[in-house]
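What follows is each chain in one-letter form.
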Amino acid sequence: MNQQKFAFSKSIAVKWMVSYAVIMLIPLIVSAIIYMQTKQIVEYEIRRASEAMLKQVKYMVDSEVNQAEKLAMQLSINSDVNKFLKMSPLSERSESFQIYKIRQELGKYKSTNDFIKGIYLYSGKLDKILTDETYTDTRTFYDINHQLFAASYPEWLETIRNPSAHANRQMSAMTFERSGDTVFLLKSLTAISESNTASSSLLFPLNTATVQTMLENVDWVNRGEVYILDQQNHILFRNNKGSKAPVFTYAAGEDGKMGTSFLEIDGAENMISFVTSDTTDWRYISVFPSKVFWEKARDIRTMNLLGLLACFLIGGAVIYFFARRNYNPVRELVHVFSLFGKKETSPALDEFSFIRENALAALKERDDMSSRQHKQLRVIQAYYLSRMLKGQVEEAGSVQEAAALYHLNWRSDHFAVLLFFIQPLEEDAPSAELSNFIVTNIIMDNVGELHSLSFTDMDGMLTAIINIHPERLEYWKEDMEQALAKTLEFIGRRYRLQIVMAGSGRQLGLAGMHQAYLQALGAQEYRLLLEENVSIWYEEIEPVAVDYHFSINNELAFINVVKTGDLDKATELMDEILHSLFNNQSSIEMLKYTMIDLASSIMKSAPPGTGPQQQGEKWPPLKHLVACTTRGDFRKELLLILHMTCSRIIERKSLLSNPGIGEQVSVYVQRNYMDVNLSVSMIGAEFGIHAQYVSRLFKEQMGQGLYDFINQTRISEAKLLLQQGTSIEEVAVQTGFSSSNAFIRVFKKYEGLTPGKYKNIQ
C-alpha cells in the first residue's frame with residue numbers, strides 16, 4: 001500500500017512552523033512594547049532627576065534666606081539698633097561713640113553670614129545710612145555705591161523709605177528687591193522709632209557670588225539652566241549669565257508646589273521644571289535640553305531595533321531547521337501505518353491524526369482481546385473456587401497444579417476463608433456490585449505481597465480465599481487484621497459502607513478449603529446471633545465448654561427476684577445471665593435451650609390465673625423464642641414475658657396490701673344482689689381482678705367464700721320478703737334468682753327447708 005499523502009497546508013510540519021513562529025513572536029512583541037515604552041520611562045526618569053535637583057537648590061537657597069531673615073529679625077530687636085533709630089540730629093553728635101559701637105557690631109553680624117554682602121541700616125530721622133564700613137548721608141552713600149543700584153536716587157530713596165506696603169506694622173514682613181545685578185533684602189523698622197514722621201529700614205545686599213557657587217555645585221546644573229524668580233517673574237539669580245534667558249510667564253503657585261512640562265525653545269525641546277519656595281515668594285526653575293537625557297537612550301533604542309531584526313532572521317532559520325528535522329520520524333511512522341493500516345480508516349487531517357487513529361485502533365483491539373480473556377478466566381476461577389468451598393475436590397489434584405491450571409498465585413498449602421457482610425450507611429451509597437468491587441480492590445492493595453487473595457461469590461456473600469504465605473504462617477491473622485482495619489477505616493469514611501467479616505482458622509490443602517468455609521459460616525451465624533457489627537474469627541466462637549450454665553440455683557434466685565415484681569432488678573439479673581451465657585462461647589443450640597428455660601422460669605413466677613395475654617388471645621412465648629435468630633430478638637421476647645409477669649405480681653400485691661377489698665365487695669353485693677347477672681366474674685370485672693383471684697382475696701379477708709356470700713345475702717333478703725307474705729315467684733325475681741326453681745334449690749341448701757314451709761312456719 002502506498003504511503004498516504006497529506007496536503008501541505010494540513011501537514012504537521014506547517015503547524016510546527018506556525019507554533020514555533022508564535023513562540024518566537026512573544027519575546028519580539030514584548031521587546032517592541034518595551035521599545036515603545038522607552039520614551040515614557042526616560043521622561044519619567046528625567047522628571048525625577050530634575051525635580052530632585054530643583055529640590056536640592058530650593059533647600060540650599062531657602063536655608064540661606066532663612067538665616068538672613070533671622071539676622072534681620074535679630075537686628076530689628078537689637079537695643080543698640082533701636083537707640084540709633086531713635087537718635088535725632090540734636091543728639092547725633094553726643095552719640096558718636098554709640099554709633100561706632102553699632103558699626104562694629106554690624107561688622108560682626110556680617111562676618112557670620114556669607115550669604116549677604118553687607119548690612120545697611122537706614123535712619124529716617126537722620127536721613128543717614130549706617131553700615132559695617134561707613135556712616136554717611138543717603139546721597140553720599142548712593143554716589144559711592146550707585147553701581148549696586150539700577151534705579152535713580154529718588155527711586156532708590158523711596159524704596160528704602162517704604163520697603164513694603166506693610167511698613168507701618170511692627171515686625172513687618174521682609175521683601176526682596178532686585179536693583180541691577182544685586183538683590184536686596186529689605187525690612188521696615190519704622191514702628192520701633194519714636195516718631196512715625198520718618199521711615200527707617202534695614203537692607204541686606206545678597207551675595208550673588210555665593211548663590212552662583214551654590215547653583216554650580218548642584219548635580220546636572222552645568223548641563224542646563226537654573227533660575228530663581230520673584231513673584232513678578234524677575235530673574236533674581238541664575239547659574240549661567242552668558243546664555244540668553246527665556247521669558248517666563250508662569251504664575252506663582254502655592255508654597256512647595258512642583259511642576260514639569262516639555263516646551264520648545266529656539267527650535268529645541270526642553271524640559272522645564274519649577275518649584276515654589278516654602279519661605280519666600282521665589283520660584284526655582286530649571287531648563288534642560290531633552291537631548292541631554294536622550295543621548296544614552298538613543299543608543300539603547302537603536303540596539304533594541306537591531307536586536308529585534310536579528311531575532312527575527314535567526315529565529316526564522318532555526319524554525320525551518322528544527323521543523324524539518326522533527327518531521328522525519330513522523331514521516332517514517334506514517335509510512336509504517338500506511339503499509340499495515342486498515343483500508344476503512346477515515347481520511348486524517350494531518351500526520352498525527354493518522355498515526356493516532358491507527359494506534360488507537362490497534363490498542364483497542366488488543367484491550368478487547370485481553371478483556372475477553374480476563375473475563376473468561378475470572379468466570380473459570382470463580383467456578384473452581386466455588387466447587388472447592390462446597391467440598392467438591394478434584395481427585396489427584398495438588399495446590400501447585402490447581403494454581404498453574406487456573407492462574408492462581410498460590411505459594412503454599414495453607415488456606416483460610418473470609419466472609420464479608422457489606423451494608424450501606426446512607427441511601428446514596430454504592431450498589432452491591434460496586435461495593436464488592438471496591439472492597440475487593442482495596443483489601444488486595446492493603447494486603448500487598450504478603451498473602452494471595454482470591455474472591456468469589458457464595459450465596460450472595462463476598463467470599464475471600466486466603467493462600468497464606470509460607471513465611472507468615474504464625475502471623476497471617478495479624479496481617480489480615482491490619483489490612484482489614486485500614487480497609488474498613490478508608491471505606492467507611494470515603495464510601496459510607498459498613499463491612500463485617502467472619503473468618504475461619506488455618507486449614508491445610510485443597511480439602512481443608514471446604515472445612516475453612518464451614519468454619520467461616522459458623523462464625524458468621526454466631527455473629528448474627530450476637531447481633532454485633534464486629535469482625536469475628538472462628539477460634540473466638542468455637543465452643544470450649546459444654547456445661548449448662550443456667551443451674552437450678554441460678555433459676556431459683558431468678559424466680560425469687562421475679563416474684564418480688566421488681567422489673568428493673570429482674571431485668572438486670574436476666575441481662576447478667578445472658579452476658580455470662582454468651583461470653584462462655586456456648587453452642588447455638590445450648591443458647592436456645594437456655595432462652596427457653598429462662599422464659600419458663602419467668603412464667604413459673606407468675607401468680608396462678610395470671611398468665612400473659614395479648615389482645616385477648618393466648619400468647620405462645622415458646623413459638624416466638626424458637627423463631628428468634630439474634631441476641632436482640634431473644635432479649636426482646638424475654639423482656640416482654642418478664643414485663644407481663646411483673647405487672648401481674650405488682651397488681652396482686654397492690655390488692656393484698658388493701659385490707660378493705662373484702663368490705664368493698666360486700667357493699668357491692670348488698671347493693672346489687674337483686675341483679676340476676678351478679679356473679680364472681682362480674683365482681684372481678686368491676687374491681688379489675690381475675691374472678692378466681694377476687695374470690696380468694698374475699699375469702700382471705702372475710703373468712704367466707706364470695707359465691708356463698710352472694711347466695712346468703714339473697715336468702716336473707718328473701719326471708720324478709722317471705723315474712724311479709726310475698727309470693728315465692730316475686731321473691732325470686734326481687735332477690736336476683738333466674739327462676740323460682742333456682743330460688744327454691746338455693747334456699748333449701750342454706751336453710752334446710754323450702755321457701756313454702758318457711759313461709760307457713762312464719
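Remember, it's a predicted structure, so these values are computed and weren't measured experimentally. Counting restarts for each chain, with residues numbered from 1 along the sequence as it is written. Local features in this predicted model are restricted to residues of pLDDT 70 or higher, and side-chain atom pairs are both shown and tallied only at a pLDDT of 80 or more, whereas totals for entire chains, interfaces and linings draw on every residue. Excluded from the side-chain calculation are hydrogens and water; included are all heavy atoms of the structure.

Burial here depends on accessible area, computed with a 1.4 Å probe over protein chains only, as a share of the maximum for the residue type. Under 20% is buried, over 50% is exposed, and the range in between is partly exposed. Helix numbering and strand numbering both begin at the N terminus, where a helix is a DSSP run of H or I of at least 4 residues and a strand a DSSP run of E of at least 2. When we look at burial in helix α2 (residues 79–86), the residues that qualify are Asp80, Val81, Asn82, Phe84 and Leu85. Throughout this description, a polar contact denotes any pair of N or O atoms lying within 3.5 Å of each other; where both atoms belong to protein, one of them has to be capable of donating a hydrogen while the other can accept it, and for residues adjacent in sequence the pair is counted only when both atoms sit in side chains. You can read the cap of α2 off the contacts: a side-chain oxygen lies 2.9 Å from the backbone nitrogen of Asp80, and it is on Asn78.

Time to look at the layout of surface pockets. Empty space within the largest pocket amounts to approximately 820 Å³. Of the two site types, the cavity is a set of points on a 1 Å grid over the protein atoms alone where a 1.4 Å probe fits but cannot get out, and the pocket is an open set with protein on both sides within 12 Å along at least five of seven lines, each lined by residues with an atom within 4 Å of a point. Arg378, Thr440, Met444, Ser454 and Phe455 are, among the 27 residues lining the largest pocket, the residues nearest its centre. Where the lining of the largest pocket is concerned, the elements lending two or more residues are α9 (351–389), α11 (432–447) and β13 (452–458). No other element matches α11, which puts 7 residues into the lining of the largest pocket. Residue composition of the lining of the largest pocket, by class: 10 nonpolar, 12 polar and 5 charged. Grid points are joined across faces, edges and corners, and a volume is the space filled by probe spheres set on the points. Just so you know the grouping, Ala, Val, Leu, Ile, Met, Phe, Trp, Tyr, Cys and Pro go in nonpolar, Asp, Glu, Lys and Arg go in charged, and all remaining residues, Gly too, go in polar.

Before going further, it helps to examine the nonpolar core. Grouped together as the largest cluster of nonpolar side chains are 43 residues, with contacts concentrated most on Leu75, Phe84, Ile119, Phe204 and Trp282. The element that contributes the greatest number of residues to this core is helix α1 (residues 12–76), accounting for 9 residues. In contact with Phe204, not counting residues within four places along its chain, are Ala68, Leu71, Ala72, Leu75, Ile116, Gly118, Ile119, Val183, Phe184 and Leu185. In this structure, Phe634, Ile641, Cys646 and Ile649 belong to the second largest nonpolar core, which totals 25 residues. Side-chain atoms within 4.5 Å are what join buried Ala, Val, Leu, Ile, Met, Phe, Trp, Tyr and Cys residues into a set we call a nonpolar core. Contacts are assigned to residue pairs that have any heavy atoms within 4.5 Å of one another.

On to the packing of aromatic side chains, then. When the centres of two rings from Phe, Tyr and Trp lie within 6.5 Å, Trp using its six-membered ring, the rings pair. Their planes under 30 degrees apart give stacked, over 60 give edge-to-face, and anything left gives tilted. Applying the stated criterion across every chain, the model contains 16 aromatic pairs. Ring plane angle 40° and centroid distance 5.6 Å describe the contact between Tyr142 and Trp156, whose orientation is recorded as tilted. One end of the pair, Tyr142, is in helix α5 (residues 138–144); the other, Trp156, is in helix α6 (residues 153–161), and 14 residues separate them in sequence. The same class applies to Tyr142 as to Trp156, namely buried. On the basis of an interplanar angle of 75° and a centroid distance of 4.9 Å, the ring pair of Trp410 and Phe415 is categorised as edge-to-face. For the pair formed by Trp410 and Phe415, the shared burial category is buried.

Right, let's talk about the confidence of the model for the protein chain for a bit. On a scale of 0 to 100, pLDDT captures the predictor's confidence in every residue. Per-residue confidence for the protein chain averages 77 on the pLDDT scale, and 83% of its residues sit at or above 70. Within the protein chain, helix α23 (residues 706–723) carries the highest mean pLDDT (89), whereas strand β18 (residues 613–614) carries the lowest (40). Within the model, the stretch residues 611–617 combines pLDDT values under 50 with 5 contacts to residues more than four positions away or in other chains.

Let us look at the sheet that holds strand β5 (residues 182–188). Should DSSP find at least two bridges between two strands, the strands are taken to pair. Here we have 6 strands laid out as an open sheet, ordered β3-β2-β1-β6-β5-β4, and antiparallel in their pairing. With partners counted over all chains shown, the strands left at the sheet margins are β3 (135–137) and β4 (175–179), one partner each. Direction aside, the axes of adjacent strands within the sheet are offset by 25° on average. Sheet analysis places β5 next to strand β6 (residues 201–205), joined by 5 bridges and oriented antiparallel. Looking at the pairing, Lys187 lines up with Leu202 of β6. Against the sheet, α6 makes contact with β1 (120–123), β2 (128–130), β4, β5 and β6, and its axis sits at roughly 90° relative to β1, the strand it touches most. Every axis in this analysis is a line fitted to C-alpha atoms, fitted for helices over the stretch in contact. Angles between the N-to-C directions lie between 0 and 180 degrees.

Counting buried residues in β5 gives 7 out of 7 residues, a clear majority hidden from the surface. Because side chains alternate across β5, one face comprises the buried residues Thr182, Phe184, Leu186 and Ser188, and the other comprises Val183, Leu185 and Lys187, equally buried. Where β4 lies against β5, 5 bridges are found, and the strand directions are antiparallel. Looking across to β5, one finds that Thr175 is bridged to Leu186.

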